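Tertiary structure, described
If you want the building blocks of each chain, they are given just below.
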Amino acid sequence: MSELKTRWDIFCTVVDNYGDIGVTWRLARQLVAEHSLAVRLWVDDLRAFERMCPEIDVHVAQQWQQGVEVRRWPAEWLPTEAADVVIAAFACQLPATYMEAMAERKQPPLWMNLDYLSAEDWVMGCHGLPSVKYKHVQKYFFFPGFQKGTGGLLRESGLLERRRQFQQDPQAQRTFLQGLGVDRAPDAQLISLFAYENAGLASWLDALASDSMSTHVLVPEGRVLGDVERWLGVNDLQAGALHVREAVTVQVLPFVRQDQYDQLLWCCDFNAVRGEDSFVRAQWAGRPLLWHIYQQEEDVHLDKLEAFLALYVKGLSAPASEAISGLWRAWNAGAKMTDHWHSTRKHWPELEKHAETWCLEQALQADLATALVQFYGNWI
Ligand code: TRH
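The rules behind these values
Residues numbered from 1 in each chain as written. Predicted model: local features only at pLDDT ≥ 70, side-chain atom pairs only at ≥ 80, totals over all residues. Heavy atoms only, no water. 1 Å grid on protein atoms, 1.4 Å probe; cavity = no way out; pocket = protein on both sides within 12 Å on 5 of 7 lines; lining within 4 Å. Points joined across faces, edges and corners; volume = space filled by probe spheres on them. Nonpolar A, V, L, I, M, F, W, Y, C, P; charged D, E, K, R; others polar. Domains from an automatic or database assignment. Helix = DSSP H or I, 4+ residues; strand = E, 2+ residues; numbered from the N terminus. Buried < 20%, exposed > 50% of the residue type's maximum accessible area, 1.4 Å probe, protein only. Polar contact = N/O pair within 3.5 Å; in protein donor to acceptor, adjacent residues only side chain to side chain. Contact = heavy atoms within 4.5 Å. Buried area = accessible area lost by both parts, 1.4 Å probe. Salt bridge = Lys/Arg side-chain N within 4 Å of Asp/Glu carboxyl O. Near = heavy atom within 4 Å. Areas by Shrake-Rupley, 256 points an atom, 1.4 Å probe, with all protein chains shown as cover. Sits in = over half its atoms within 2 Å of the grid points. Pairing = 2+ DSSP bridges. Axes fitted to C-alpha atoms, helices over the stretch in contact; angles between N-to-C directions. Core = buried A, V, L, I, M, F, W, Y, C linked by side-chain atoms within 4.5 Å. Parallel < 35°, antiparallel > 145°, perpendicular 65-115°, else oblique. Left-handed = near helix turned anticlockwise from the far one by under 90°.

Vacant regions in the atomic arrangement are exposed by a probe of water-molecule size rolled over the atoms. This structure, assessed with the given rule, holds three cavities of 30 Å³ or more. By volume, the largest cavity is sized at about 110 Å³. Forming the walls of the largest cavity are Val23, Leu114, Asp115, Leu117, Pro144, Gly152, Leu153, Leu154, Glu276, Asp277, Val280 and Leu368. Residues that form the lining of the largest cavity fall into these classes: eight nonpolar, one polar and three charged. When residues of the lining of the largest cavity are assigned to domains, at least three fall in each of domain 1 (3–154 + 365–379) and domain 2 (159–362).

A separate point is the side chain of glutamine 30. Mapped onto the secondary structure, glutamine 30 falls in helix α1 (residues 19–35). For glutamine 30, a relative accessible area of 2% gives the class buried. A distance of 3.1 Å separates a polar atom in the side chain of glutamine 30 from the backbone oxygen of arginine 155. Only 3.0 Å separates the side chain of glutamine 30 from the side chain of aspartate 367, close enough to count as a polar contact. Setting aside residues no more than four positions away along its own chain, glutamine 30 makes contact with His35, Leu154, Arg155, Glu156, Ser157, Asp367 and Ala369.

With that settled, the discussion passes to the domain arrangement of the protein. Partitioning the protein into structural domains gives domain 1 (3–154 + 365–379) and domain 2 (159–362). A C-alpha centroid distance of 30 Å is found between domain 1 and domain 2. Listed as interface residues are 25 residues of domain 1 and, on the opposing side, 26 residues of domain 2. Looking at the side of domain 1 facing domain 2, the largest losses of area belong to Arg26, Arg51 and Phe146, adding up to 26% of the total buried there. For arginine 26, the salt bridge is made with aspartate 277, and the minimal N-O distance between the two is 2.8 Å. Summed over the shared surface of domain 1 and domain 2, the result is 11 residue pairs in polar contact (both at pLDDT 80 or more). The element contributing the most residues to the side of domain 1 that touches domain 2 is α1, with five residues.

Close contacts around the ligand come from 22 residues, with Tyr196, Val256, Arg274, Asp277 and Ser278 the closest. Its free accessible area being 710 Å², the ligand has 97% of it covered by the protein chains. Using a 2 Å cut-off from the grid points, one finds that the ligand occupies the largest pocket. Looking at the shell around the ligand, the elements with two or more residues in it are α1, α9 (258–267) and α10 (277–284). In terms of residues, the shell around the ligand owes the most to one element, α1, which gives three residues. The class makeup of the residues in the shell around the ligand is 10 nonpolar, six polar and six charged. Taken together, domain 1 (3–154 + 365–379) and domain 2 (159–362) each give at least three residues to the shell around the ligand, which thus spans both.

Judged by pairing direction, the sheet is mixed, and its eight strands sit side by side in the order β3-β4-β2-β1-β5-β6-β8-β7 without closing on themselves. Edge positions in the open sheet fall to β3 (62–65) and β7 (130–134), since each of these has one partner strand only. Recorded for the sheet is a direction-independent mean angle of 25° between the axes of neighbouring strands. The pairing of β7 with strand β8 (residues 137–142) spans three bridges and is antiparallel. In the strand pairing of β8, tyrosine 134 is matched with valine 137. With respect to the sheet, helix α3 (residues 96–104) is in contact with β1 (7–12), β5 (85–89), β6 (110–114), β7 and β8, its orientation differing from that of β7 by roughly 95°.

It is worth spelling out the nonpolar core at this point. Formed by 117 residues in total, the largest nonpolar core has its most connected members in Ile21, Leu27, Leu41, Phe49, Leu193, Trp204 and Trp328. In terms of residue count, the dominant contributor to this core is α1 (seven residues). When residues are assigned to domains, this core turns out to be shared by domain 1 (3–154 + 365–379) and domain 2 (159–362), each giving three or more. Counting 17 residues, the second-largest nonpolar core is a separate cluster that includes Trp42, Val86, Cys92 and Trp111.

Let's shift gears to the packing of helix α7 (residues 201–209) against helix α13 (residues 338–346). α13 packs onto α7 with a crossing angle of 50° between their chain directions and a minimal axis gap of 8 Å. What the angle tells us is that α7 and α13 run oblique. Judged by the sense of rotation from one axis to the other, the crossing of α7 with α13 is right-handed. Packed against α7, whose contacting residues are Ser203, Trp204, Ala207 and Leu208, the element α13 presents Thr338, Trp341 and His342 at the interface. Tallied by class, the residues present in the contact of α7 with α13 amount to four nonpolar, three polar and no charged.

This part covers the packing of helix α5 (residues 159–167) against helix α14 (residues 348–362). Here α5 crosses α14 at 155°, and the two axes come no closer than 11 Å. Put simply, α5 runs roughly antiparallel to α14. Here Leu160, Arg163 and Arg164 of α5 lie close against α14, whose contacting residues are Glu356, Cys359 and Leu360. Of the residues that constitute the contact of α5 with α14, the class distribution is three nonpolar, no polar and three charged.

And the structure:
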């Protein structure tokens, strides 16, 4: 590790699913590749990590992946020198001895909590504010977001140019899809479906099956498969499975590496995504999307859903705004999707154009990694 490089430690506990590791892995790679920083990524569960980065050796305590030093976060923490910048992702609790090491440094580190993504207005007021202190080491809130005054969204340099090139290259898309075993019929719309369990899925698939247009639905292995199985009347769906019901083809895909998942989103006409990271990636795909938000206690996630919708629909005509909002609300309530899907289809050209406009508007903000680096620059 070079003496000259600023050292960053990112701490990630995998609570459930893939968002925690998805976000921190993406951030760590970008800080190395685009800001030449020395980054250690501490992760308590390497198995979730391995799903999106198959090179990960789940048995070793230390390894380098794409320039990032990946460390298994051990149950018994060993004394470790604290870095110049310390990021606790999603309010994870740092090891007590590491906090002590932070306090012992001559120049205390910049300590930040990288928070969950929300479009709510209060985020702008809280981003960058001081949080708690450990001894004399001050912690700060760092909030990703969609509006000026937030920390922005993760977006690698050149991402939109790469996306556009790929979307303008039918052969590259065909080759990519064929690599996943997908043979897309030329007249079929392509939909990716990454979601939690959802009681509304059956009615959406019903609507697609009885449509005059054919649809090919690509379902990465995961939590929604139970609902797909029930609708198809089959058991034990595995990657590679393909079933046709009237106008709809349902195909199960393996969980792919993060970069390939991006390409999958870029190929599809419509992306159903969930959580945090896939939600942002679908926005960068510049195509209409459907968000299955991560459910929280006391339904606080519904406020987040409404806050995002309020921003997203700006610039849409009233009927298109109503259609897409209705679809998102129904999906997140596990309610009947049929009518909402038909209304959404009526406004398709407008929604397609809007998805690209939204993407370009969001790309005007500094990306989250750059914003973090700037925050450090200002702080020091
Ligand atoms: O997996 P998630 O549901 O993660 C969630 C959310 O982040 C939520 O906010 C958080 O509180 C909870 O975890 C603990 O959805 P998300 O955020 O989209 O993360 C999925 C990651 O998996 C993302 O980085 C994309 C990646 N991915 C692949 O790499 N390959 C794949 O084939 C698929 C489907 C996803």
